[in-house]
Amino acid sequence: MYHAPVLLPESLDGLRIRPDGVYVDATFGGGGHAAPILNRLGDKGRLYAFDQDADAQANADNVIFSEHAGFHFVHSNFRYLKRQLRAAGVRPGTVDGILADLGVSSHQLDTPDRGFSYRFDAPLDMRMNAADEKSAAEVLNTYSAEDLQRLFSAYGEVRNARTLALACVAFREKSRFQSTADLLGVCEANLIGERWRYLSQVFQALRIEVNDEMGALTDFLNDATEMLSKGGRLVIITYHSLEDRPVKNWFKTGNIEGEVQQDFYGNIERPFKLINKKPIEARPEEVQQNPRARSAKLRIAEKQN
Ligand SMILES: C[S@@+](CC[C@H](N)C(=O)[O-])C[C@H]1O[C@@H](n2cnc3c(N)ncnc32)[C@H](O)[C@@H]1O
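Residues numbered from 1 in each chain as written. Predicted model: local features only at pLDDT ≥ 70, side-chain atom pairs only at ≥ 80, totals over all residues.

## Digging into the overall build of the protein chain
- Along the backbone of the protein chain there are 14 helices and nine strands.
- Relative to a compact globule of 305 residues, whose C-alpha radius of gyration would be 19 Å, the protein chain shows 20 Å and is just as compact.
- With the principal axes as the frame, the protein chain shows a C-alpha extent of 60 × 55 × 40 Å.
- Taking all 305 residues of the protein chain together, the buried fraction comes to 43%. (Helix = DSSP H or I, 4+ residues; strand = E, 2+ residues; numbered from the N terminus. Rg over C-alpha atoms; globule rule 2.2 N^0.38 Å. Buried ≥ 20, exposed ≤ 12 C-beta atoms within 10 Å, placed from the backbone.)

## Things to note about the site of the ligand
- Close contacts around the ligand come from 22 residues, with Pro5, Thr27, Gly29, Gly30 and Gly32 the closest.
- Class assignment of the residues belonging to the shell around the ligand gives a composition of seven nonpolar, 11 polar and four charged. (Near = placed C-beta within 6 Å. Nonpolar A, V, L, I, M, F, W, Y, C, P; charged D, E, K, R; others polar.)

## Things to note about the sheet that holds strand 2 (residues 46-51)
- Pairing within the open sheet is mixed, and its seven strands lie in the order 3-2-1-4-5-9-8. The open sheet has two free edges, formed respectively by strand 3 (71-75) and strand 8 (272-274), since each of these has just one partner strand. Taking each pair of neighbouring strands and ignoring which way they run, the sheet shows an average axis angle of 20°.
- Pairing of strand 5 (residues 228-238) with strand 9 (residues 297-303), which is carried by six bridges, proceeds in the antiparallel orientation. Paired with Ile237 across the bridge in strand 9 is Leu298.
- Across the sheet, helix 1 (residues 8-15) lies against strand 1 (22-25), strand 4 (95-101), strand 5 and strand 9, angled at about 165° from strand 5, the strand it touches most. (Pairing = 2+ DSSP bridges. Axes fitted to C-alpha atoms, helices over the stretch in contact; angles between N-to-C directions. Contact = placed C-beta atoms within 7 Å.)

## Quick word on helix 11 (residues 195-210)
- Under the 1.5 Å per step criterion, the end-to-end length of helix 11 is 23 Å for 16 residues, consistent within 8% with the ideal 22 Å.
- Of all the 16 residues making up helix 11, 12 are buried; the element is thus mostly covered by neighbouring parts of the structure.
- Here the buried face of helix 11 lies against helix 7 (136-142), helix 8 (145-156), helix 9 (161-174), helix 10 (180-188) and helix 12 (213-227).
- Positive phi appears at Asp212, one or two residues downstream of helix 11, with a value of about 40°. (Expected span 1.5 Å × (residues − 1).)

## Brief notes about helix 8
- Taking 1.5 Å of rise per residue, 12 residues should cover 16 Å, and helix 8 covers 16 Å from first to last C-alpha, within 8% of that figure.
- Among the residues of helix 8, those classed as buried are Leu148, Gln149, Leu151, Phe152, Tyr155 and Gly156.
- Contact partners of the buried residues in helix 8: helix 9, helix 11 and helix 13 (241-253).
- Count one or two residues on from helix 8 and you reach Glu157, which has phi positive near 50°.

## So, the nonpolar core
- Counting residues in each nonpolar core, the largest one holds 50 residues, and the members touching the most others are Ala26, Leu47, Ile98 and Phe220.
- Beyond its immediate chain neighbours, meaning those up to four positions away, Leu47 contacts Tyr23, Asp25, Ala34, Ile37, Leu38, Leu41, Gly70 and Phe71.
- Of all hydrophobic cores here, the second largest spans 29 residues; its members include Met128, Ala136, Phe177 and Ile208. (Core = buried A, V, L, I, M, F, W, Y, C linked by C-beta atoms within 7 Å.)

## Focus: the domain arrangement of the protein chain
- The domain boundaries assigned to the protein chain delineate domain 1 (8-106 + 213-303) and domain 2 (133-210).
- Distance between the C-alpha centres of domain 1 and domain 2: 31 Å. (Domains from an automatic or database assignment.)

## As for unusual backbone geometry
- Within the chain, Glu157 stands out as a residue other than glycine whose phi angle is a positive 50°.
- Residue position: Glu157 is located in the loop between helix 8 and helix 9.
- Classification of Glu157 as partly exposed rests on a count of 14 C-beta atoms within 10 Å.

## A short note on the environment of Ala170
- Structurally, the position occupied by Ala170 is in helix 9.
- Given 11 C-beta atoms within a 10 Å radius, Ala170 is considered exposed.
- Between the C-alpha atom of Ala170 and that of Val186, which follows or precedes it by 16 residues, the distance is 9.5 Å.

Shown next as structure tokens:
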């Protein structure tokens, strides 16, 4: 299976789908969320599905999607949401619901030659979009020790980020990073705590850097806010606190820092109404069937005006 959708009924409820509405699935993947959204749409409804990965695009050829006149696949980074939707004739302020199920798919993690997982020996790639220029190998071979430390610390919360960064620089003085085995060797010599946790943190940090995931999320939140209609719903599933924090802040204040904004008269400006104050998490039964759901947090907000 390409990917098992996480928090599916809860996300669909959050979108509050109208049969003739306009919806966006910003992270199509295997279409696990998109298919049931499309099922709820009538002839006039439209679904724009984004994914930057060409492997995900192949799933859009499935009859469920190709036979619905209202389905449109957009092979693009979701950070260009507004530009792409405008090019497709969708005006700002007219979208009824936007879903983003962030991060990587099981397919990406389980395909050895994508280089996302420390479980396989593979080229250090980690690009979601194969047309992007920067791979994980390039990051490891060209970044300064300070920059490597910054990303291991900020994106992986690696406790000995400086030690690991210096070990990477020492490695490349003799050789070049090419495969996950190269990185594993450096990590094994420096790991602290549980092996799987340490390796997951390092690989996550590199993946976030390679795909500029934090930058893309910020651009997406801006564009999504502009594209939604009054009463439109923004539904976001995150998998770690680095993603969840900016989303939570955005929903509360309209900026990723979470700074409360006031207008000229001192009225607090809130672009969204929170539908759930606390994030929705997967029930134990779902986690048992799909361990990936364990860290998922679902937040739903409604555009106020
Ligand atoms: C967690 S999976 C989504 C799975 C999907 N909801 C399903 O149930 O089949 C995330 C997907 O979003 C895509 N993705 C991640 N970041 C993206 C971005 N900035 N722009 C476009 N697609 C992105 C990935 O390529 C991946 O296919």
